[in-house]
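Chain by chain, the residues:
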Amino acid sequence: MIATKLMIPGPVELDDEVLLAMARPVMGHRTPEFEEVLEECWRLLGMVYRTKNEVAIITGSGTAAMEAAVASVVEPGTRVLSIGGGKFGERLGEIARCFGAEVSRLEVEWGGTFSAEEVDEALSESGAEVVTLTHNETSTGVVHDAGEVGRLAREHGALFIADAITSVGGDVVETDAWGIDLCITGSQKCLAAPPGLGFVAVSERAWERMQEVRNRHAFYLDLLRYRKALRKRTTPFTPSVSLIYGLHAALKRIERETLEARIRRHRALAEATRRAAEAMNLELLPEREHASNTVTAIRIPEGLSDADVRGRLKEEYGILVAGGQEKLKGRIFRIGHMGEVRAGELLSLLACLEQVLRCSGHGVKPGAGTEAAREVLEAELGESLRACGGG
Ligand SMILES: Cc1ncc(COP(=O)(O)O)c(C=O)c1O
């Protein structure tokens, strides 16, 4: 069977409103009509980012936005502290190295997190001018304390780059209050917009630093070009007009749902998933207190393989969940409950998961997972599970 239901941590399924918006005729990108759409996107991005900072819209996936953020403030010899702990956190350090930075690593166990003391010490030892962190580490299902890193970065006079690609629009991200100088996100995750757009919210401090960088090695991804265009209320290069229509429709949906209700829905879905996993005798990869609210990483039980879980979900029920990456390949599976996912969809997935586990020989009491999840969803979102975010 071809998987038709996406329950992966992006790209996520798009609402018809978003799909239809992308079918509109393409318009000139330097016209007042298009500039009106862009203006609305910037206003709504400020709302989801919780920022007054300007937001650069980049045509490219999330990694393009990561590269733009790093390349714009780093030059050969810049001291960067890269906080690791998963595939994406490590990627920021790799990008910095590509641009000649002297990168120190704060190694974090995959599935674990760090303490404030460790960050403080690493910042002192490295004398870092820039610190990088992936807020919600999608590869391990861990949400890190970005607020604490932001506070410590300020204390040490370092610029803070945060990859919030799988948290903006789905969990609490306080770009301004946490002091994130370059806050990165992507379109195809919690925003539930089409894949292909990346965003960076840039603080005044970061703009200032960019002007001091002498050895500039980026062109398309040099954020100073975006700043110049932003001040003329446009984009530096031809934007992907159709994707921006889709983004606009997706952001309007968030505004209607309200960011607060959307975060509440994501948190309820995450808690329901964790409770269901426990009720099905499954083990979460991270400790509960720093488990992500947008993606849940679960260990594949002893004696079962990736094919027994993910393979069967796809073949027998047409549902796609994500596998482990790199060192976690074949050891975990990851359920994405971000974007437009509703209570009913999560309950269906959990019922199918329970069935494939039972058929593969894992001991589960029938109905245990869905019942545990239903209890959470009902308590958090009200008696009618349709109230889970509305339509
Ligand atoms: C936390 C995080 N950072 C970065 C990326 C890379 O984004 P993209 O694949 O859009 O380039 C992803 C993608 O899954 C991600 O989850």
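Please refer to the structure placed before this passage.
Just so it is clear, the structure is predicted and the values come from calculations on it, not from any experiment.

Participant: Pulling in residues and values, what's your account of the sheet that holds strand β14 (residues 332–336)?
Facilitator: Sheet strands pair via backbone hydrogen bonds, and the direction of the pair is either parallel or antiparallel. Strand order in the open sheet formed by three strands is β11-β14-β13, with antiparallel pairing between adjacent strands. If you trace the sheet from one side to the other, it starts and ends with β11 (295–299) and β13 (322–323), each paired once. Summarising the sheet, β11 and β14 pair through five bridges and their orientation is antiparallel. From the neighbouring strand, V295 faces β14, where its bridge partner is G336.

Participant: Tell me about the site of the ligand, residues and numbers included.
Facilitator: What surrounds the ligand is a group of 14 residues, the closest being S61, T63, T138, D163 and K189. Separating an oxygen atom of the ligand from a side-chain N or O atom of K189 is a distance of 2.6 Å. Considered on its own, the ligand offers 390 Å² of accessible surface; in the complex 87% of this is hidden by protein. When residues of the shell around the ligand are traced back to their parent elements, those giving at least two are α3 (62–73) and α4 (87–98). Grouping the constituent residues of the shell around the ligand by class yields three nonpolar, eight polar and three charged.

Participant: Break down empty space enclosed by the protein for me, citing the residues and quoting the values.
Facilitator: One pass over the full model with this rule turns up two cavities of 30 Å³ or more. Of the pockets and cavities examined, the largest cavity occupies roughly 50 Å³. Every residue lining the largest cavity is listed: I57, I58, T59, Y220, Y226, T235, P236, F237, T238 and P239. When residues in the lining of the largest cavity are grouped by element, the largest group, three residues, is from strand β2 (residues 54–59). Roughly 40 Å³ of internal volume is contained in the second largest cavity. Looking at the second largest cavity, the residues that line it are G141, R274, L284, P286, A291, S292, V295, T296 and A297. Broken down by element, the lining of the second largest cavity gets its largest block of residues, three residues, from β11. For the lining of the second largest cavity, the per-class residue count stands at five nonpolar, three polar and one charged.

Participant: Any chance you could break down the environment of R233 for me, citing the residues and the numbers?
Facilitator: The residue R233 is located in the loop between α8 (223–230) and α9 (241–257) in this model. Given the relative accessible area of 31%, R233 is considered partly exposed. Along the sequence, R233 and E35 sit 198 residues apart, while their C-alpha atoms lie 7.3 Å from each other. R233 has contacts with E35, E39 and W42, leaving out every residue within four places of it along the chain. A distance of 2.7 Å separates the side chain of R233 from the side chain of E39, its partner in a polar contact.

So, how was this worked out
Residues numbered from 1 in each chain as written. Predicted model: local features only at pLDDT ≥ 70, side-chain atom pairs only at ≥ 80, totals over all residues. Heavy atoms only, no water. Pairing = 2+ DSSP bridges. Helix = DSSP H or I, 4+ residues; strand = E, 2+ residues; numbered from the N terminus. Near = heavy atom within 4 Å. Polar contact = N/O pair within 3.5 Å; in protein donor to acceptor, adjacent residues only side chain to side chain. Areas by Shrake-Rupley, 256 points an atom, 1.4 Å probe, with all protein chains shown as cover. Nonpolar A, V, L, I, M, F, W, Y, C, P; charged D, E, K, R; others polar. 1 Å grid on protein atoms, 1.4 Å probe; cavity = no way out; pocket = protein on both sides within 12 Å on 5 of 7 lines; lining within 4 Å. Points joined across faces, edges and corners; volume = space filled by probe spheres on them. Buried < 20%, exposed > 50% of the residue type's maximum accessible area, 1.4 Å probe, protein only. Contact = heavy atoms within 4.5 Å.

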